[in-house]
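Commentary on secondary and tertiary structure
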Amino acid sequence: MLLAHLVAAIAGPLLVRAMGRNAFFLLALVPGASAVWLATIDPLSLADAPRDVVTPWIPAFGIELAFRLDPLSWVMAMIATAIGALVMLYCARYFKDTEPGLGRFAGVLTAFAGAMIGLVLADDVMMLYVFWELTTVFSYLLIGHYQDKQSSRRAAMNALISTTAGGLAMLVGLLMFAQAAGSMRISAIMAAPIWEGAGPFLITAMLLVLAGALSKSALVPTHFWLPGAMAAPTPVSAYLHAAAMVKAGIYLILRLAPAIAPLEAISIVIAVLGAATMLLGGWRALRQTDIKLLLAYGTVSQLGFLAAVSGLATDDAVLAGVAMLIAHSVFKAPLFMVVGIIDKKFGTRDLRMLSGVGRAAPVVAIIGTISAASMAAVPPLYGFVAKEAIYAALWEAGTWQRALLIALVAGSILTVAYSWRFVRGAFGRAPGAPSVATPEISPLYWLAPALITLGSVGLPFVAGDVEKVAGSISAGLPGEGEGIHLVVIPHLGVPLLLSALTLGLGALLCVLARPMERLQKAVSPMTWGRDGVEDWVDAERGFRRLMRGVDKLAIAVTPLFQRGSLPYTLGTMLLVLILLASPITIARSPVPDNLVLFHHPAELLILPVAVAAAIGAARSRRRLRAVFLISVTGYAVALLFLVAGAVDVATTQVLVETALTVVLVLVLRRLPIHFSRRPLRIGALGRWGIAIGTAVVLCGGALYAADARYQAPLGPQLIEPAYEVGGGHNVVNVALVDARVWDTMGEIGVLLVVATGVASLIFVTRREQGISRVRDLDADTSIWRRRADAPLPQNALNFDARPDEVTGSNRWRTWLSAGLTLAPERRMVILEVVTRLGFPLIMLFSVYLLMAGHNYPGGGFAGGLVAGLGLALRYLAGGRYELSEAAPVQAGFVLGLGMAIAVAASVLPLLFGGTIFATATPVVHVPVLGELEFPSALIFDIGVYLVVVGVLLDFLRSLGAQIDQQQEVENDVR
């Protein structure tokens, strides 16, 4: 199911582009087929034998791709898939083909459906969190669908921040659960014997998890984001905020019921917040004139109702809560769909302007009236059956649950009142408003809400079966009481009398609608509030106030540390490092007991050179001198590696240092020659203090890290496996492309990102322009030429790139292909000759390093650096056109090809029955040469080689050729 939704989400934009809004018919097949498959499974059988699918993901941390289908996840998945399919059918007529961003909307909605299914099936803590946050991100995109509307953008941001903050708290709590239970599996955590007599640790963890659940289901004080989310298209409201996303918090409460049951204090917290949310949502719903916003506050109220009941975590309460969860889905989704039809066909959602909709659209009115009646718990609809079960469960529970029952009855009275307000306002006559015209409504438009409404009518006939499924979810929980049942005709008793009281008082509120409106207006803080008091009592305004406070704090704090000065920023970081390390350093002895001053006499010659170069770089005022002195320290480090016998590391260090020097020299062309002067002596002393302190901390850390070894080095043990498993004698290279290949894959990914970032800083428009070849240039093209100097010889300026058969054999020749594109005074003939002779040898040497790296010093990284330095030599000798002749390809293509080859090397073993990055070393018999070994890791090394070449080529094009052009333009302007 998850893979099918993923594929459909990716294909959604393409299908919409090809088929328009009719693409939703095809997309509906995915959740529809999932619902059909789920319907073939007996949920009662899942109670004793849940279906588990487990694949190891990160074994070191016990994280698995674990999915579990049990009765609760079956119910939630059925709601998500069945209603999801019908919502997509509804989308096929709700939107027009010209709807902006329809393809993106289709893909995101399908992806959200898949994320919701993954959330309810996840049985691993990290998997649950991943899908939890995916629903958050996708809902953010769906709520903000109308990007040109400020209300949509603000509502999307409110929902994102509120639910993400709760999600982060939930993650911490779940990890605390996992640590206490010794397992990342949610089923194992719930079954662990840690909940009886739970201490502050587990109670804190439970409160953190509930923070995520309650924010997701929009309970007080985060209730404000859900009504604001009504700025989204109506299908989003019908699915995310009636049948899917907001149910995630209720689902999590039900999933945690075995852990909540022993913690009565937690149940009381949930009950109080749920009851407060129900009352507040119902009260606010009675004030709304926008029928969609009325339903939104009704959803807030119903979610509080569900949370309060589910949080009791008793057998009866959970059974009734699951029944009400189903009821809410089947009456609220069609209500939102009906609002969408009214909005599209009659052009308004204001109940003061809607008059006669019931006569103009009778089928729509019937659907909306039945669903609203089920929401108000009018018998014999399914909403009444579920609410009656809740009343019975709370009454039978006794003690403080009866006090909760009184609050929920009051909230249910408000539910009856706003249900009638919706029906009268949407389908009745509005005083003073003209009657609406009769529109043409396609049956496909109202078919989806009609099918969902059948649930409110038909489920009472199968109430016994629903009770069995809900009972399998609640089985094993404490507080069985009298054992409640889902029945259409309940026994005479207090619960039935409370239902009658709810309907009677609700009807009285409907009759007293106008006095009630005046009362609400009188007690509203918007009426009597002064001096911004509404900012403190209105949750949304309070949230905005909090966000403004965070912005102000950020504005005040950021300049203290981010001053736009690189020395200041670097100094701050290093100073923090010194302060953190100093206490440990002071507590230790000055030097380890087993300190060895030097291993080889050559170190006594190399180290003073490195120290002198480092001090000289720090004292230098010329940038170029500082760069070369820094390079001296790098080469000195390479010599130390060489003395220690680390030939591969020394080679790489030399090549990296050389490449870095070239890049820095290119950058220096756009920087002042000298560093800025620092007139204050105290500033210089401070910088020297930070520098010396950092050196002491880093050197001390290295010494004590070496002294902390408590096991024998692994190096000697890798020599034999490197040849037997990796097929190479060079242990370092085999480790990089075989044993630690995932590290290397990540490193070349970082290189690709770095190249992209550097290029984006230099290129003004596109990342890279087309490759200009010499044959495409004008005959008088010359770069870096003097403009106002004495005339130069004509034969030094003319350049003919035509082939020999056109110009004859006596045409002007140069050592390099594009040598004459440089102005004569910029050319160095000796460098051109050296480049012409040395470049083929350099490239041949780079290929040798690539091929020989598995057995001798070298490898793809070193070979790529040598090839990149060869290209740098061509550029320095002949300019940017010479670079194009040396590498007539886009750097991005080389980078992408290298990464593609590296990825191909990872998945290729799967085609032969192996695992990712599995190693093979086939032996090939070659005439004359004999037997040659070709390890499969060589393919990955070729990818590394190309990525490194692409990075250096990108640097030369951006920091070299592009800056050349910018400076030439500046010279022309002057």
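Residues numbered from 1 in each chain as written. Predicted model: local features only at pLDDT ≥ 70, side-chain atom pairs only at ≥ 80, totals over all residues. Heavy atoms only, no water.

1. Observations regarding the confidence of the model for the chain
Stated precisely, the cut-off is as follows: For every residue, the predictor states its confidence as a pLDDT score lying anywhere from 0 to 100. For helices the rule is a DSSP run of H or I covering at least 4 residues; for strands it is a run of E covering at least 2, with both sets numbered from the N terminus onward. We call two residues contacting when some pair of their heavy atoms lies within 4.5 Å.
In the predicted model, the chain carries a mean pLDDT of 87, and 92% of its residues have values of at least 70. For the chain, the element scoring lowest by mean pLDDT is helix H37 (residues 794-797), at 46; helix H3 (residues 29-39) scores highest, at 96. Below pLDDT 50 for its whole length, residues 786-790 participates in 4 contacts with residues either more than four positions away or in separate chains. Here residues 792-797 is a poorly scored stretch, pLDDT under 50, and it has 10 contacts once near neighbours within four places are set aside; other chains count.

2. Brief notes about helix H39 (residues 829-852)
To be explicit about the condition: Helices are assigned an expected span. That span is 1.5 Å times one less than the residue count. One axis fitted to the seven residues ending at a residue, another fitted to the seven starting there: the angle between these axes is the bend at that residue. Relative accessible area decides the class of each residue, using a 1.4 Å probe on protein chains only: under 20% of the type maximum gives buried, over 50% gives exposed, and in between gives partly exposed.
Taking 1.5 Å per residue, 24 residues should reach 34 Å; H39 reaches 34 Å between its end C-alpha atoms and fits that length. Residue Gly838 marks the point of greatest curvature in H39, where the axis turns by about 40°; the proline Pro840 follows within four residues. Regarding H39, the residues found buried are Glu832, Thr835, Gly838, Phe839, Ser846, Leu849, Leu850 and Ala852.

3. Comments concerning the pairing of strand S3 (residues 923-926)
Threshold: For two strands to be treated as a pair, DSSP must find at least two bridges joining them.
Bridge count for S3 against strand S4 (residues 930-933) is 4 bridges, and the pairing is antiparallel. Its bridge partner lying in S4, His925 is registered against Glu931.

4. Overview of the packing of aromatic side chains
Here is the rule we go by: Think of it this way: a Phe, Tyr or Trp ring, Trp meaning its six-membered ring, pairs with another when their centres are within 6.5 Å, and the plane angle makes it stacked under 30 degrees, edge-to-face over 60, tilted otherwise.
A full pass over the atoms with the stated rule returns 14 aromatic pairs. Taking the centre distance of 4.9 Å and the plane angle of 65° together, the rings of Phe95 and Phe105 count as edge-to-face. Here the residue Phe95 occupies a position in the loop between helix H5 (71-94) and helix H6 (102-121), and Phe105 occupies one in helix H6, the gap between them amounting to 10 residues. Through a chain of ring-to-ring contacts, the aromatic side chains of Phe24, Tyr90, Tyr94, Phe95, Phe105 and Tyr445 assemble into a single cluster.

5. What about the pattern of salt bridges?
Here is the rule: We define a salt bridge as a side-chain nitrogen of Lys or Arg found within 4 Å of a carboxyl oxygen belonging to Asp or Glu.
Scanning all chains against the criterion turns up 11 salt bridges. In this structure, Arg255 and Asp70 form a salt bridge, with 2.6 Å as the shortest nitrogen-oxygen distance. Here Arg255 is found in helix H13 (residues 247-255), whereas its partner Asp70 is found in the loop between strand S2 (63-69) and H5, with 185 residues between them in sequence. Summarising the burial analysis for this pair, Arg255 and Asp70 share the class buried. Residues Arg349 and Asp343 are paired through a salt bridge, measuring 3.2 Å at the closest nitrogen-oxygen approach. Overall, the relative accessible area of 21% leaves Asp343 in the partly exposed class.

6. Here we look at a positive patch on the surface
To be explicit about the condition: A residue counts toward a patch only above 30% relative accessible area and without a salt bridge, and it is joined to like-charged neighbours within 9 Å or, for Val, Leu, Ile, Met, Phe, Trp and Tyr, to nonpolar neighbours within 5 Å. Surface exposure here means Shrake-Rupley accessible area, sampled with a 1.4 Å probe, where a residue is shielded only by the protein chains that are shown. By the counting scheme adopted, Arg and Lys are positive, Glu and Asp are negative, and His together with the chain ends is not counted. For this purpose, a charge sits on NZ of Lys, CZ of Arg, CG of Asp or CD of Glu.
Together, Lys96, Lys149, Lys344 and Lys345 make up a region of like positive charge exposed at the surface. Within the fold, Lys345 resides in helix H17 (residues 315-346).

7. Comments concerning the nonpolar core
Condition: What makes a nonpolar core is a set of buried Ala, Val, Leu, Ile, Met, Phe, Trp, Tyr and Cys residues whose side-chain atoms join them at distances within 4.5 Å.
Of all hydrophobic cores here, the largest spans 199 residues; its most connected members are Phe24, Phe177, Met206, Tyr239, Phe422 and Phe427. Beyond its immediate sequence surroundings of up to four residues, Met206 is in contact with Phe177, Trp195, Leu256, Ala259, Ile260, Leu263 and Ile266. If you look at the next biggest cluster of nonpolar residues, it comprises 46 residues, including Ala902, Ala905, Phe940 and Leu953.

8. Things to note about the environment of Thr814
The residue Thr814 is located in the loop between helix H38 (804-807) and H39 in this model. Every residue in contact with Thr814, bar those within four places of it in the chain, is listed here: Gly819, Leu820, Arg827 and Arg836.

9. Let's talk about the environment of Ala426
By the secondary structure assignment, Ala426 is in helix H21 (residues 400-427). Measuring from C-alpha to C-alpha, the distance between Ala426 and Val339 comes to 8.2 Å, with 87 residues separating the pair along the chain.

10. Considerations on the pairing of S2
Two strands pair when backbone bridges link them, and strand S1 (residues 51-58) and S2 are joined in this way by 7 bridges, in the antiparallel orientation. Note that in S2 the partner of Asp52 across the bridge is Arg68. Between S1 and S2, which pair antiparallel in sequence order, lie 4 residues; one of them, Gly62, sits at a positive phi of approximately 70°.

11. A word on unusual backbone geometry
The residue after Val220, namely Pro221, is reached through a cis peptide bond having omega 10°. Relative to the assigned elements, Pro221 resides in the loop between helix H10 (200-216) and helix H11 (225-228). In this chain, Pro379 is followed by Pro380 through a cis amide linkage whose omega measures 5°. By secondary structure assignment, the location of Pro380 is in the loop between helix H19 (362-375) and helix H20 (382-397). In the Ramachandran plot, Ala218 falls in the positive-phi region, its phi being about 60° despite a non-glycine side chain. With respect to the element layout, Ala218 can be found in the loop between H10 and H11. The backbone phi angle of Ala377 is positive, close to 65°, even though this residue is not glycine. Positionally, Ala377 belongs in the loop between H19 and H20.

12. Thoughts on helix H42 (residues 891-907)
Going by this rule: This arc is built from the directions going out from the helix axis to the C-beta atoms.
The terminal C-alpha atoms of H42 lie 25 Å apart, and with 17 residues this matches the ideal 24 Å at 1.5 Å per residue to within 8%. Within H42, the full set of buried residues consists of Ala891, Val894, Leu895, Gly898, Met899, Ala902, Ala905 and Ser906. Along H42, the residues classed as buried sweep out an arc of 125° about the axis, all on the same side.

13. A short note on a nonpolar patch on the surface
Residues Trp57, Ile58, Phe61, Val130 and Leu134 make up a contiguous nonpolar surface patch of roughly 440 Å² in combined accessible area. Residue assignment for the nonpolar patch shows that the elements contributing at least two residues are S1 and helix H7 (125-143). Classification of Leu134 by relative accessible area gives partly exposed; the value is 30%.

14. Some points on the side chain of Ser139
Examined against the element boundaries, Ser139 turns out to sit in helix H7. With a relative accessible area of 1%, Ser139 lands in the buried category. Apart from the residues within four sequence positions on either side, Ser139 is in contact with Phe112, Leu240 and Met245.

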